[in-house]
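Take a look at the letters that make up each chain.
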Amino acid sequence: MRSIEHFINGQRVAGSSGRHGEVFDPNSGHVQARVALAGADELEHAVATAAAAQADWAKVNPQRRARVMFEFKRLLEANMDELAALLSSEHGKVHSDARGDIQRGLEVIEFSCGIPHLLKGEYTQGAGPGIDVYSARQPLGVVAGITPFNFPAMIPMWMFGPAIASGNAFILKPSERDPSVPVRLAELMIEAGLPPGVLNVVHGDKDTVEALVKHPAIKAVSFVGSSDIAQSVYALGAQHGKRMQCMGGAKNHGIILPDADLDQAVADILGAAYGSAGERCMALPVVVPVGEATAEALRARLLEKIPTLKVGVSSDPQAHFGPVVTAAHKARIEHYIQMGVDEGAELVLDGRGFQLPGHEGGFFLGATLFDRVTDAMTTYRDEIFGPVLQIVRAETFEEALALPSRHAYGNGVAIFTRNGDAAREFAERVEVGMVGINVPIPVPVAYHSFGGWKRSGFGDLNQYGLDGVRFFTRTKTVTQRWPRGGAVTDQSFVIPTMR
Ligand code: NAD
(Lines give C-alpha, C1' and ligand atoms only; values in the text may rest on other atoms or scores of the structure.)
Protein backbone atom coordinates (compact mmCIF):
# COMPACT_ATOMS: atom_id res chain seq x y z
CA MET A 1 0.00 0.00 0.00
CA ARG A 2 1.15 3.55 -0.83
CA SER A 3 2.69 5.46 2.09
CA ILE A 4 2.35 9.21 2.37
CA GLU A 5 5.38 10.63 4.12
CA HIS A 6 6.28 13.95 5.71
CA PHE A 7 8.28 16.46 3.68
CA ILE A 8 11.11 17.98 5.71
CA ASN A 9 14.24 19.80 4.57
CA GLY A 10 13.41 19.32 0.89
CA GLN A 11 12.78 15.60 1.02
CA ARG A 12 10.19 12.99 1.83
CA VAL A 13 10.75 11.56 5.30
CA ALA A 14 9.15 8.32 6.47
CA GLY A 15 7.16 8.55 9.69
CA SER A 16 8.91 7.22 12.78
CA SER A 17 6.18 7.66 15.42
CA GLY A 18 4.50 4.35 14.61
CA ARG A 19 1.20 6.22 14.20
CA HIS A 20 -0.59 6.47 10.87
CA GLY A 21 -3.99 7.32 9.39
CA GLU A 22 -5.95 5.82 6.50
CA VAL A 23 -6.59 7.70 3.27
CA PHE A 24 -9.63 6.51 1.33
CA ASP A 25 -10.55 6.53 -2.31
CA PRO A 26 -14.05 8.03 -1.92
CA ASN A 27 -15.08 6.68 -5.33
CA SER A 28 -14.58 3.04 -4.34
CA GLY A 29 -14.62 3.26 -0.57
CA HIS A 30 -11.28 1.43 -0.34
CA VAL A 31 -8.30 2.51 1.72
CA GLN A 32 -5.74 3.65 -0.86
CA ALA A 33 -2.83 4.85 1.30
CA ARG A 34 -1.48 5.18 4.82
CA VAL A 35 -0.38 8.59 6.01
CA ALA A 36 2.27 8.99 8.69
CA LEU A 37 1.10 10.94 11.76
CA ALA A 38 3.90 12.92 13.35
CA GLY A 39 5.13 12.42 16.88
CA ALA A 40 7.12 14.88 18.96
CA ASP A 41 10.52 13.95 17.42
CA GLU A 42 9.38 14.49 13.85
CA LEU A 43 7.82 17.79 14.74
CA GLU A 44 10.98 18.89 16.53
CA HIS A 45 13.05 17.96 13.48
CA ALA A 46 10.76 19.95 11.16
CA VAL A 47 10.78 23.04 13.40
CA ALA A 48 14.58 22.97 13.87
CA THR A 49 15.05 22.59 10.09
CA ALA A 50 12.69 25.48 9.42
CA ALA A 51 14.36 27.73 11.98
CA ALA A 52 17.80 27.06 10.46
CA ALA A 53 16.58 27.75 6.93
CA GLN A 54 14.59 30.87 7.83
CA ALA A 55 17.55 33.01 8.87
CA ASP A 56 19.07 32.86 5.38
CA TRP A 57 15.74 33.00 3.54
CA ALA A 58 14.85 36.28 5.28
CA LYS A 59 18.09 37.76 3.91
CA VAL A 60 17.21 36.89 0.30
CA ASN A 61 15.99 40.12 -1.24
CA PRO A 62 12.24 40.34 -1.93
CA GLN A 63 12.65 40.41 -5.69
CA ARG A 64 14.49 37.09 -5.61
CA ARG A 65 11.89 35.60 -3.31
CA ALA A 66 9.26 36.76 -5.80
CA ARG A 67 11.11 34.93 -8.59
CA VAL A 68 10.58 31.65 -6.73
CA MET A 69 6.85 32.44 -6.66
CA PHE A 70 6.80 33.20 -10.38
CA GLU A 71 8.49 29.88 -11.14
CA PHE A 72 6.17 28.01 -8.76
CA LYS A 73 3.17 29.48 -10.58
CA ARG A 74 4.61 28.22 -13.89
CA LEU A 75 5.10 24.75 -12.40
CA LEU A 76 1.55 24.69 -11.03
CA GLU A 77 0.23 25.43 -14.51
CA ALA A 78 2.50 22.81 -16.11
CA ASN A 79 1.44 20.16 -13.57
CA MET A 80 -2.23 21.15 -13.30
CA ASP A 81 -3.67 17.89 -14.68
CA GLU A 82 -1.53 15.64 -12.51
CA LEU A 83 -2.33 17.68 -9.39
CA ALA A 84 -6.07 17.79 -10.15
CA ALA A 85 -6.23 14.01 -10.67
CA LEU A 86 -4.38 13.38 -7.40
CA LEU A 87 -6.62 15.84 -5.57
CA SER A 88 -9.82 14.25 -6.91
CA SER A 89 -8.64 10.75 -6.08
CA GLU A 90 -8.38 11.56 -2.36
CA HIS A 91 -11.06 14.25 -1.94
CA GLY A 92 -13.72 13.00 -4.38
CA LYS A 93 -14.49 16.35 -6.04
CA VAL A 94 -14.76 16.23 -9.85
CA HIS A 95 -11.71 17.11 -11.96
CA SER A 96 -12.97 20.48 -13.20
CA ASP A 97 -13.62 21.50 -9.60
CA ALA A 98 -10.20 20.19 -8.49
CA ARG A 99 -8.62 22.43 -11.13
CA GLY A 100 -10.58 25.34 -9.66
CA ASP A 101 -9.21 24.47 -6.21
CA ILE A 102 -5.65 24.68 -7.57
CA GLN A 103 -6.38 27.78 -9.65
CA ARG A 104 -7.73 29.77 -6.68
CA GLY A 105 -4.52 28.95 -4.76
CA LEU A 106 -2.42 29.84 -7.77
CA GLU A 107 -4.03 33.29 -7.80
CA VAL A 108 -2.75 33.89 -4.27
CA ILE A 109 0.71 32.86 -5.51
CA GLU A 110 0.34 35.45 -8.30
CA PHE A 111 -0.51 38.04 -5.64
CA SER A 112 2.55 36.93 -3.63
CA CYS A 113 4.74 37.63 -6.69
CA GLY A 114 4.13 41.30 -5.85
CA ILE A 115 5.91 40.97 -2.50
CA PRO A 116 8.63 43.59 -3.22
CA HIS A 117 5.90 46.19 -3.56
CA LEU A 118 3.78 44.76 -0.73
CA LEU A 119 6.63 44.93 1.78
CA LYS A 120 7.56 48.52 1.00
CA GLY A 121 7.29 50.42 4.25
CA GLU A 122 6.40 54.00 5.13
CA TYR A 123 8.71 56.98 5.47
CA THR A 124 8.35 60.45 6.90
CA GLN A 125 11.10 62.90 6.16
CA GLY A 126 11.56 65.73 8.64
CA ALA A 127 9.19 64.55 11.37
CA GLY A 128 11.23 66.88 13.66
CA PRO A 129 14.55 68.74 13.45
CA GLY A 130 16.91 66.31 11.72
CA ILE A 131 14.43 63.51 12.45
CA ASP A 132 13.09 61.00 9.95
CA VAL A 133 10.76 58.10 10.71
CA TYR A 134 10.41 54.89 8.75
CA SER A 135 8.56 51.67 9.27
CA ALA A 136 9.26 48.29 7.73
CA ARG A 137 7.53 44.93 7.82
CA GLN A 138 9.75 42.08 8.97
CA PRO A 139 9.01 38.34 8.85
CA LEU A 140 8.04 36.58 12.08
CA GLY A 141 10.36 33.56 11.76
CA VAL A 142 8.85 30.08 11.71
CA VAL A 143 5.08 30.05 11.21
CA ALA A 144 2.55 27.25 10.74
CA GLY A 145 -0.64 26.52 8.83
CA ILE A 146 -3.27 23.89 9.66
CA THR A 147 -5.70 23.17 6.84
CA PRO A 148 -9.01 21.33 6.25
CA PHE A 149 -9.77 18.49 3.83
CA ASN A 150 -12.07 20.39 1.52
CA PHE A 151 -9.51 22.57 -0.32
CA PRO A 152 -6.22 20.66 -0.09
CA ALA A 153 -4.52 22.91 -2.67
CA MET A 154 -6.11 26.36 -2.34
CA ILE A 155 -6.00 26.80 1.44
CA PRO A 156 -2.36 25.73 1.93
CA MET A 157 -1.46 28.25 -0.81
CA TRP A 158 -3.57 30.99 0.85
CA MET A 159 -1.18 30.64 3.76
CA PHE A 160 2.28 29.65 2.55
CA GLY A 161 2.20 32.03 -0.45
CA PRO A 162 2.24 35.28 1.54
CA ALA A 163 4.14 33.75 4.49
CA ILE A 164 7.09 32.48 2.48
CA ALA A 165 7.20 35.46 0.11
CA SER A 166 7.45 37.65 3.24
CA GLY A 167 10.58 35.80 4.41
CA ASN A 168 9.19 33.28 6.90
CA ALA A 169 9.75 29.52 7.02
CA PHE A 170 6.53 27.51 7.05
CA ILE A 171 5.31 24.26 8.58
CA LEU A 172 2.15 22.98 6.93
CA LYS A 173 -0.06 20.46 8.74
CA PRO A 174 -2.59 19.52 6.06
CA SER A 175 -5.72 17.44 6.54
CA GLU A 176 -4.87 13.81 7.13
CA ARG A 177 -7.81 12.84 4.89
CA ASP A 178 -6.28 14.08 1.58
CA PRO A 179 -2.60 14.80 2.29
CA SER A 180 -0.90 14.00 -1.05
CA VAL A 181 -1.40 17.28 -2.92
CA PRO A 182 0.12 19.43 -0.14
CA VAL A 183 3.30 17.30 -0.35
CA ARG A 184 3.42 17.72 -4.14
CA LEU A 185 3.02 21.49 -3.71
CA ALA A 186 6.01 21.54 -1.36
CA GLU A 187 8.07 19.51 -3.85
CA LEU A 188 7.19 21.94 -6.62
CA MET A 189 8.23 24.88 -4.43
CA ILE A 190 11.67 23.27 -4.06
CA GLU A 191 11.78 22.69 -7.82
CA ALA A 192 10.93 26.38 -8.23
CA GLY A 193 14.09 27.31 -6.32
CA LEU A 194 12.96 27.52 -2.69
CA PRO A 195 15.81 26.49 -0.37
CA PRO A 196 15.15 23.19 1.46
CA GLY A 197 13.70 23.65 4.94
CA VAL A 198 11.73 26.82 4.17
CA LEU A 199 8.54 24.85 3.48
CA ASN A 200 7.93 21.61 5.39
CA VAL A 201 4.87 19.38 5.50
CA VAL A 202 4.16 17.45 8.69
CA HIS A 203 1.12 15.18 8.71
CA GLY A 204 -0.84 14.61 11.85
CA ASP A 205 -3.97 14.90 13.90
CA LYS A 206 -5.14 16.66 17.08
CA ASP A 207 -1.93 15.76 18.96
CA THR A 208 0.27 17.17 16.21
CA VAL A 209 -1.80 20.36 16.00
CA GLU A 210 -1.59 20.97 19.74
CA ALA A 211 2.16 20.33 19.79
CA LEU A 212 2.63 22.75 16.87
CA VAL A 213 0.55 25.50 18.45
CA LYS A 214 2.40 25.19 21.77
CA HIS A 215 5.89 24.99 20.24
CA PRO A 216 7.91 28.00 21.45
CA ALA A 217 9.71 28.46 18.11
CA ILE A 218 6.48 28.87 16.14
CA LYS A 219 5.45 32.49 16.14
CA ALA A 220 2.08 32.44 14.39
CA VAL A 221 -0.51 29.85 13.40
CA SER A 222 -3.11 30.12 10.68
CA PHE A 223 -5.93 27.57 10.98
CA VAL A 224 -8.90 26.73 8.75
CA GLY A 225 -11.43 24.06 9.74
CA SER A 226 -14.63 23.55 11.72
CA SER A 227 -15.69 26.15 14.30
CA ASP A 228 -15.38 24.26 17.57
CA ILE A 229 -11.85 23.19 16.70
CA ALA A 230 -10.99 26.65 15.31
CA GLN A 231 -12.08 28.21 18.60
CA SER A 232 -10.15 25.77 20.77
CA VAL A 233 -7.00 26.11 18.63
CA TYR A 234 -7.39 29.90 18.84
CA ALA A 235 -7.67 29.76 22.63
CA LEU A 236 -4.67 27.43 22.95
CA GLY A 237 -2.57 29.73 20.77
CA ALA A 238 -3.60 32.82 22.74
CA GLN A 239 -2.68 31.04 25.96
CA HIS A 240 0.81 30.44 24.53
CA GLY A 241 1.23 34.01 23.30
CA LYS A 242 0.89 33.19 19.60
CA ARG A 243 -0.45 35.32 16.81
CA MET A 244 -3.50 33.38 15.59
CA GLN A 245 -6.08 33.50 12.82
CA CYS A 246 -8.62 30.65 12.88
CA MET A 247 -11.33 30.35 10.25
CA GLY A 248 -14.32 28.16 11.09
CA GLY A 249 -17.46 26.63 9.61
CA ALA A 250 -20.38 28.23 7.84
CA LYS A 251 -24.05 28.16 6.99
CA ASN A 252 -24.48 30.52 4.07
CA HIS A 253 -27.87 31.81 2.93
CA GLY A 254 -29.03 32.72 -0.59
CA ILE A 255 -31.83 35.32 -0.39
CA ILE A 256 -34.18 35.49 -3.37
CA LEU A 257 -36.22 38.67 -3.68
CA PRO A 258 -39.44 38.54 -5.75
CA ASP A 259 -37.87 40.55 -8.61
CA ALA A 260 -34.86 38.22 -9.06
CA ASP A 261 -34.09 36.57 -12.39
CA LEU A 262 -35.28 33.21 -11.06
CA ASP A 263 -33.84 31.02 -13.82
CA GLN A 264 -30.38 32.50 -13.25
CA ALA A 265 -30.75 32.34 -9.45
CA VAL A 266 -31.76 28.65 -9.58
CA ALA A 267 -28.81 27.82 -11.86
CA ASP A 268 -26.48 29.62 -9.43
CA ILE A 269 -27.99 27.98 -6.35
CA LEU A 270 -27.76 24.47 -7.79
CA GLY A 271 -24.01 24.85 -8.38
CA ALA A 272 -23.42 26.54 -5.03
CA ALA A 273 -25.49 24.05 -3.00
CA TYR A 274 -24.45 20.77 -4.64
CA GLY A 275 -21.03 21.54 -6.21
CA SER A 276 -18.24 19.60 -4.47
CA ALA A 277 -21.09 17.62 -2.81
CA GLY A 278 -21.74 20.66 -0.61
CA GLU A 279 -18.32 20.35 1.04
CA ARG A 280 -17.41 24.03 0.72
CA CYS A 281 -17.35 26.65 3.43
CA MET A 282 -18.79 29.05 0.84
CA ALA A 283 -21.53 26.64 -0.33
CA LEU A 284 -25.14 27.90 -0.24
CA PRO A 285 -27.00 25.23 1.76
CA VAL A 286 -29.90 27.57 2.69
CA VAL A 287 -32.14 29.40 0.24
CA VAL A 288 -34.57 32.04 1.48
CA PRO A 289 -37.31 33.00 -1.00
CA VAL A 290 -39.16 36.17 -0.01
CA GLY A 291 -42.93 35.89 -0.39
CA GLU A 292 -45.17 32.88 -1.06
CA ALA A 293 -45.16 33.28 -4.85
CA THR A 294 -41.35 33.36 -4.98
CA ALA A 295 -41.18 30.26 -2.76
CA GLU A 296 -43.61 28.27 -4.91
CA ALA A 297 -41.89 29.25 -8.17
CA LEU A 298 -38.47 28.43 -6.68
CA ARG A 299 -39.61 25.06 -5.38
CA ALA A 300 -41.13 24.11 -8.74
CA ARG A 301 -37.94 24.99 -10.62
CA LEU A 302 -35.71 23.15 -8.11
CA LEU A 303 -37.92 20.07 -8.39
CA GLU A 304 -37.56 20.18 -12.14
CA LYS A 305 -33.77 20.70 -12.16
CA ILE A 306 -32.36 18.69 -9.23
CA PRO A 307 -33.25 15.27 -10.69
CA THR A 308 -31.21 16.17 -13.80
CA LEU A 309 -27.99 16.54 -11.76
CA LYS A 310 -25.50 13.77 -12.38
CA VAL A 311 -23.68 12.24 -9.44
CA GLY A 312 -20.61 10.34 -10.63
CA VAL A 313 -17.04 9.33 -9.99
CA SER A 314 -14.68 12.27 -9.77
CA SER A 315 -13.02 11.42 -13.10
CA ASP A 316 -16.38 11.52 -14.96
CA PRO A 317 -16.39 14.77 -17.00
CA GLN A 318 -20.21 14.71 -17.14
CA ALA A 319 -20.67 14.46 -13.36
CA HIS A 320 -21.87 17.57 -11.51
CA PHE A 321 -20.54 16.28 -8.21
CA GLY A 322 -18.79 13.23 -6.79
CA PRO A 323 -18.75 11.33 -3.50
CA VAL A 324 -18.21 12.87 -0.06
CA VAL A 325 -14.84 12.45 1.60
CA THR A 326 -15.29 9.49 3.98
CA ALA A 327 -17.86 6.91 5.10
CA ALA A 328 -17.99 8.64 8.50
CA HIS A 329 -18.84 11.98 6.88
CA LYS A 330 -21.50 10.32 4.72
CA ALA A 331 -23.07 8.78 7.85
CA ARG A 332 -23.04 12.20 9.56
CA ILE A 333 -24.91 13.80 6.63
CA GLU A 334 -27.46 10.95 6.60
CA HIS A 335 -27.94 11.47 10.31
CA TYR A 336 -28.74 15.15 9.69
CA ILE A 337 -31.23 14.24 6.95
CA GLN A 338 -33.07 11.98 9.37
CA MET A 339 -32.94 14.70 12.02
CA GLY A 340 -34.54 17.13 9.56
CA VAL A 341 -37.42 14.72 9.06
CA ASP A 342 -37.78 14.21 12.81
CA GLU A 343 -37.75 17.97 13.40
CA GLY A 344 -40.70 18.40 11.06
CA ALA A 345 -39.09 19.83 7.92
CA GLU A 346 -40.57 18.61 4.64
CA LEU A 347 -38.17 16.20 2.89
CA VAL A 348 -38.89 16.89 -0.78
CA LEU A 349 -35.99 14.96 -2.35
CA ASP A 350 -34.04 12.34 -0.41
CA GLY A 351 -30.46 11.59 -1.49
CA ARG A 352 -29.97 8.75 0.98
CA GLY A 353 -29.65 5.32 -0.52
CA PHE A 354 -28.22 6.64 -3.79
CA GLN A 355 -25.97 4.02 -5.40
CA LEU A 356 -23.73 4.43 -8.39
CA PRO A 357 -23.71 1.16 -10.38
CA GLY A 358 -20.24 -0.39 -10.28
CA HIS A 359 -19.24 1.84 -7.33
CA GLU A 360 -21.52 0.53 -4.62
CA GLY A 361 -18.84 0.98 -1.92
CA GLY A 362 -18.22 4.65 -2.82
CA PHE A 363 -19.29 7.44 -0.46
CA PHE A 364 -22.05 8.78 -2.71
CA LEU A 365 -25.18 10.67 -1.73
CA GLY A 366 -27.85 12.05 -4.03
CA ALA A 367 -28.99 15.68 -3.95
CA THR A 368 -31.36 16.28 -1.03
CA LEU A 369 -33.94 19.07 -0.74
CA PHE A 370 -35.89 20.17 2.34
CA ASP A 371 -38.70 22.73 2.36
CA ARG A 372 -40.38 24.53 5.28
CA VAL A 373 -37.24 24.51 7.40
CA THR A 374 -37.37 26.98 10.31
CA ASP A 375 -34.74 28.81 12.29
CA ALA A 376 -35.68 26.81 15.40
CA MET A 377 -34.39 23.57 13.86
CA THR A 378 -30.97 22.12 14.72
CA THR A 379 -30.54 21.09 11.09
CA TYR A 380 -30.82 24.79 10.18
CA ARG A 381 -28.46 25.98 12.90
CA ASP A 382 -25.74 23.35 12.30
CA GLU A 383 -23.40 23.08 9.35
CA ILE A 384 -24.23 19.82 7.49
CA PHE A 385 -21.46 20.07 4.85
CA GLY A 386 -23.12 17.77 2.32
CA PRO A 387 -25.40 17.89 -0.75
CA VAL A 388 -28.41 19.09 1.26
CA LEU A 389 -30.34 22.26 0.38
CA GLN A 390 -32.84 23.75 2.83
CA ILE A 391 -35.61 26.19 1.89
CA VAL A 392 -36.47 28.62 4.69
CA ARG A 393 -39.46 30.74 3.64
CA ALA A 394 -39.56 34.43 4.61
CA GLU A 395 -42.44 36.87 4.31
CA THR A 396 -40.49 40.10 4.08
CA PHE A 397 -37.10 41.59 3.24
CA GLU A 398 -36.53 42.32 6.95
CA GLU A 399 -37.20 38.71 7.88
CA ALA A 400 -34.81 37.50 5.17
CA LEU A 401 -32.13 39.94 6.29
CA ALA A 402 -32.50 38.83 9.92
CA LEU A 403 -31.93 35.12 9.19
CA PRO A 404 -28.22 35.24 8.20
CA SER A 405 -27.63 38.19 10.55
CA ARG A 406 -28.88 36.27 13.59
CA HIS A 407 -27.25 32.97 12.58
CA ALA A 408 -24.26 31.90 14.66
CA TYR A 409 -22.11 31.59 11.53
CA GLY A 410 -21.28 34.60 9.37
CA ASN A 411 -19.08 33.44 6.53
CA GLY A 412 -20.85 34.22 3.24
CA VAL A 413 -24.29 35.27 2.00
CA ALA A 414 -25.81 36.01 -1.40
CA ILE A 415 -28.79 38.08 -2.48
CA PHE A 416 -30.51 37.66 -5.85
CA THR A 417 -32.43 40.71 -7.05
CA ARG A 418 -32.70 43.31 -9.83
CA ASN A 419 -33.20 46.07 -7.25
CA GLY A 420 -29.94 47.92 -6.63
CA ASP A 421 -31.33 49.85 -3.70
CA ALA A 422 -32.45 46.69 -1.86
CA ALA A 423 -29.15 44.94 -2.64
CA ARG A 424 -27.17 47.89 -1.35
CA GLU A 425 -29.14 48.07 1.87
CA PHE A 426 -28.79 44.31 2.36
CA ALA A 427 -25.02 44.42 1.83
CA GLU A 428 -24.68 47.29 4.27
CA ARG A 429 -26.79 45.82 7.07
CA VAL A 430 -26.22 42.05 6.93
CA GLU A 431 -23.97 40.65 9.68
CA VAL A 432 -21.85 38.42 7.50
CA GLY A 433 -18.25 38.84 6.34
CA MET A 434 -18.53 38.16 2.58
CA VAL A 435 -21.55 39.22 0.51
CA GLY A 436 -22.50 38.29 -3.05
CA ILE A 437 -24.98 40.38 -5.05
CA ASN A 438 -26.21 38.05 -7.79
CA VAL A 439 -22.96 36.16 -7.13
CA PRO A 440 -23.59 32.82 -5.40
CA ILE A 441 -20.08 32.07 -4.07
CA PRO A 442 -18.47 35.42 -3.23
CA VAL A 443 -14.96 34.16 -2.43
CA PRO A 444 -12.98 37.40 -2.76
CA VAL A 445 -10.28 37.65 -5.44
CA ALA A 446 -6.67 37.18 -4.31
CA TYR A 447 -5.91 40.91 -3.90
CA HIS A 448 -8.83 41.39 -1.49
CA SER A 449 -9.02 39.03 1.48
CA PHE A 450 -11.13 36.18 2.84
CA GLY A 451 -12.76 36.07 6.24
CA GLY A 452 -16.08 35.33 7.89
CA TRP A 453 -17.64 36.90 10.97
CA LYS A 454 -19.00 35.50 14.22
CA ARG A 455 -18.33 31.73 14.61
CA SER A 456 -16.83 31.61 11.12
CA GLY A 457 -13.64 33.40 12.11
CA PHE A 458 -11.56 33.88 15.27
CA GLY A 459 -8.86 36.56 15.15
CA ASP A 460 -8.91 39.91 13.41
CA LEU A 461 -6.89 39.47 10.23
CA ASN A 462 -8.27 37.71 7.14
CA GLN A 463 -6.63 35.16 4.88
CA TYR A 464 -4.52 36.32 1.90
CA GLY A 465 -4.52 39.78 0.29
CA LEU A 466 -2.92 42.58 2.32
CA ASP A 467 -4.19 40.96 5.53
CA GLY A 468 -2.18 37.83 4.68
CA VAL A 469 1.01 39.86 4.43
CA ARG A 470 0.15 41.72 7.66
CA PHE A 471 -0.53 38.47 9.51
CA PHE A 472 2.84 36.97 8.61
CA THR A 473 4.93 40.09 9.27
CA ARG A 474 5.37 42.61 12.07
CA THR A 475 5.99 46.31 11.82
CA LYS A 476 9.20 47.87 13.04
CA THR A 477 9.24 51.65 13.25
CA VAL A 478 12.55 53.52 13.40
CA THR A 479 12.83 57.15 14.53
CA GLN A 480 16.27 58.47 13.60
CA ARG A 481 18.04 61.76 14.15
CA TRP A 482 21.18 62.91 12.42
CA PRO A 483 22.09 66.28 13.99
CA ARG A 484 23.83 68.72 11.64
CA GLY A 485 26.29 70.59 13.77
CA GLY A 486 28.12 70.19 17.05
CA ALA A 487 25.37 71.83 19.16
CA VAL A 488 24.27 69.63 22.08
CA THR A 489 20.55 69.69 22.78
CA ASP A 490 19.50 70.28 26.38
CA GLN A 491 18.67 67.33 28.53
CA SER A 492 14.92 66.81 28.79
CA PHE A 493 12.76 64.99 31.28
CA VAL A 494 9.46 65.39 29.46
CA ILE A 495 8.07 63.00 26.90
CA PRO A 496 9.37 64.06 23.46
CA THR A 497 6.79 65.95 21.41
CA MET A 498 6.90 67.62 18.01
CA ARG A 499 5.64 71.04 19.16
P1 NAD B 1 -11.64 19.91 10.86
O2 NAD B 1 -11.92 21.00 11.84
O3 NAD B 1 -12.07 18.53 11.19
O4 NAD B 1 -10.06 19.81 10.58
C5 NAD B 1 -9.28 20.95 10.26
C6 NAD B 1 -7.84 20.68 10.68
O7 NAD B 1 -7.78 20.52 12.10
C8 NAD B 1 -7.25 19.40 10.09
O9 NAD B 1 -5.93 19.65 9.71
C10 NAD B 1 -7.33 18.41 11.23
O11 NAD B 1 -6.31 17.44 11.21
C12 NAD B 1 -7.18 19.28 12.45
N13 NAD B 1 -7.90 18.77 13.62
C14 NAD B 1 -8.89 17.84 13.64
N15 NAD B 1 -9.32 17.64 14.89
C16 NAD B 1 -8.62 18.48 15.68
C17 NAD B 1 -8.64 18.76 17.10
N18 NAD B 1 -9.50 18.16 17.92
N19 NAD B 1 -7.78 19.68 17.57
C20 NAD B 1 -6.93 20.32 16.74
N21 NAD B 1 -6.89 20.10 15.39
C22 NAD B 1 -7.71 19.19 14.88
O23 NAD B 1 -12.25 20.40 9.47
P24 NAD B 1 -12.44 19.55 8.13
O25 NAD B 1 -13.53 18.57 8.32
O26 NAD B 1 -11.13 19.09 7.62
O27 NAD B 1 -12.93 20.71 7.14
C28 NAD B 1 -14.26 21.12 7.02
C29 NAD B 1 -14.55 22.30 7.91
O30 NAD B 1 -13.70 23.40 7.58
C31 NAD B 1 -15.97 22.82 7.70
O32 NAD B 1 -16.48 23.21 8.95
C33 NAD B 1 -15.77 24.04 6.80
O34 NAD B 1 -16.79 25.00 6.86
C35 NAD B 1 -14.48 24.57 7.33
N36 NAD B 1 -13.83 25.42 6.36
C37 NAD B 1 -13.77 26.76 6.63
C38 NAD B 1 -13.18 27.61 5.73
C39 NAD B 1 -13.07 29.08 6.02
O40 NAD B 1 -12.22 29.73 5.44
N41 NAD B 1 -13.89 29.63 6.90
C42 NAD B 1 -12.64 27.12 4.53
C43 NAD B 1 -12.72 25.74 4.30
C44 NAD B 1 -13.31 24.91 5.22
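Rules of the game
Residues numbered from 1 in each chain as written. Predicted model: local features only at pLDDT ≥ 70, side-chain atom pairs only at ≥ 80, totals over all residues. Heavy atoms only, no water. Pairing = 2+ DSSP bridges. Helix = DSSP H or I, 4+ residues; strand = E, 2+ residues; numbered from the N terminus. Axes fitted to C-alpha atoms, helices over the stretch in contact; angles between N-to-C directions. Near = heavy atom within 4 Å. Polar contact = N/O pair within 3.5 Å; in protein donor to acceptor, adjacent residues only side chain to side chain. Areas by Shrake-Rupley, 256 points an atom, 1.4 Å probe, with all protein chains shown as cover. Expected span 1.5 Å × (residues − 1). Buried < 20%, exposed > 50% of the residue type's maximum accessible area, 1.4 Å probe, protein only. Contact = heavy atoms within 4.5 Å. Parallel < 35°, antiparallel > 145°, perpendicular 65-115°, else oblique. Nonpolar A, V, L, I, M, F, W, Y, C, P; charged D, E, K, R; others polar. Salt bridge = Lys/Arg side-chain N within 4 Å of Asp/Glu carboxyl O. Arc of directions from axis to C-beta.

Ordered in space as S6-S7-S23, the three strands form an open sheet in which the pairing is antiparallel. Edge positions in the open sheet fall to strand S6 (122–128) and strand S23 (473–481), since each of these has one partner strand only. Ignoring strand direction, the axes of neighbouring strands in this sheet form an average angle of 25 degrees. In terms of strand pairing, S6 meets strand S7 (residues 131–139) through four bridges, oriented antiparallel. Note that in S7 the partner of Glu122 across the bridge is Ser135.

Okay, the site of the ligand next. Around the ligand lies a shell of 30 residues, among which Lys173, Glu176, Arg177, Ser226 and Glu383 are the nearest. In this structure, Phe149 approaches the ligand through a main-chain N or O atom, which is 3.0 Å from an oxygen atom. Between the ligand and Glu383, the relevant distance is 2.6 Å, taken from an oxygen atom to a side-chain nitrogen or oxygen of the residue. In isolation the ligand has 840 Å² of accessible area, and contact with the protein removes 90% of it. At the level of elements, helix H6 (154–165), helix H8 (206–214), strand S11 (218–224) and helix H9 (227–239) are the ones that each hand at least two residues to the shell around the ligand.

The next thing to look at is helix H10 (residues 262–274). Spanning 13 residues, H10 covers 18 Å between terminal C-alpha atoms, matching the ideal 18 Å at 1.5 Å per step. Turning to H10, its buried residues are Leu262, Ala265, Val266, Asp268, Ile269, Leu270, Ala272, Ala273 and Tyr274. Along its buried surface, H10 packs onto strand S13 (253–256), strand S14 (286–289), helix H11 (292–305), strand S16 (368–371), strand S17 (388–391) and strand S19 (412–416).

Here we take up the packing of helix H2 (residues 62–78) against H6. Between H2 and H6, the least distance of the axes is 9 Å, while the angle of their chain directions is 150 degrees. The angle between H2 and H6 falls in the class roughly antiparallel. For the pair H2 and H6, the contacting residues are Arg65, Met69, Phe72 and Leu76 in the first and Met157, Phe160, Gly161, Ile164 and Ala165 in the second. Class assignment of the residues belonging to the contact of H2 with H6 gives a composition of seven nonpolar, one polar and one charged.

Here the phi dihedral of Arg372 falls at roughly 55 degrees; this positive angle occurs in a residue that is not glycine. Structurally, the position occupied by Arg372 is in the loop between S16 and helix H13 (378–381). Arg372 sits in the partly exposed class, given a relative accessible area of 40%. Positive phi outside glycine occurs at Lys454, with the angle close to 55 degrees. Checked against the element boundaries, Lys454 lands in strand S21 (residues 453–454).

This paragraph deals with the side chain of Asn150. As for its placement among the helices and strands, Asn150 is situated in the loop between strand S8 (142–146) and H6. Non-local contacts of Asn150, meaning those with residues more than four positions away in its chain, are made with His91, Lys93, Asp101, Ile155, Glu279, Arg280, Cys281 and Phe385.

What follows is about the pattern of salt bridges. One pass over the structure, following the stated rule, counts 32 salt bridges. One salt bridge connects Glu71 with Arg74, and the closest N-O pair in it is separated by 2.9 Å. Note that Glu71 and Arg74 are positioned in helix H2 at a spacing of three residues, about one turn of the helix. The exposure class assigned to Arg74 is partly exposed, which follows from its relative accessible area of 45%. In this structure, Arg406 and Asp375 form a salt bridge, with 3.0 Å as the shortest nitrogen-oxygen distance. Separated by 31 residues along the polypeptide, Arg406 in helix H14 (residues 397–406) and Asp375 in the loop between S16 and H13 bring together distant segments of the chain.

Listed in full, the buried residues belonging to H8 are Thr208, Val209, Leu212 and Val213. The buried residues of H8 all sit within an arc of 130 degrees when viewed along its axis, so they share a single face. Packed against the buried residues of H8 are helix H1 (40–59), S8, strand S9 (169–173), S11, H9 and strand S12 (243–247).

What follows is about the sheet that holds S16. One open sheet accounts for seven strands, arranged S15-S16-S17-S14-S13-S19-S20; its pairing is mixed. What marks the edges here is a single partner per strand, and that holds for strand S15 (346–349) and strand S20 (434–437). Strand-to-strand twist of the sheet, defined as the mean angle between neighbouring strand axes without regard to direction, takes the value 20 degrees. Looking at chain direction, S16 and S17 are connected through three bridges and run parallel.

None of this, on its own, says anything about what the molecule does.
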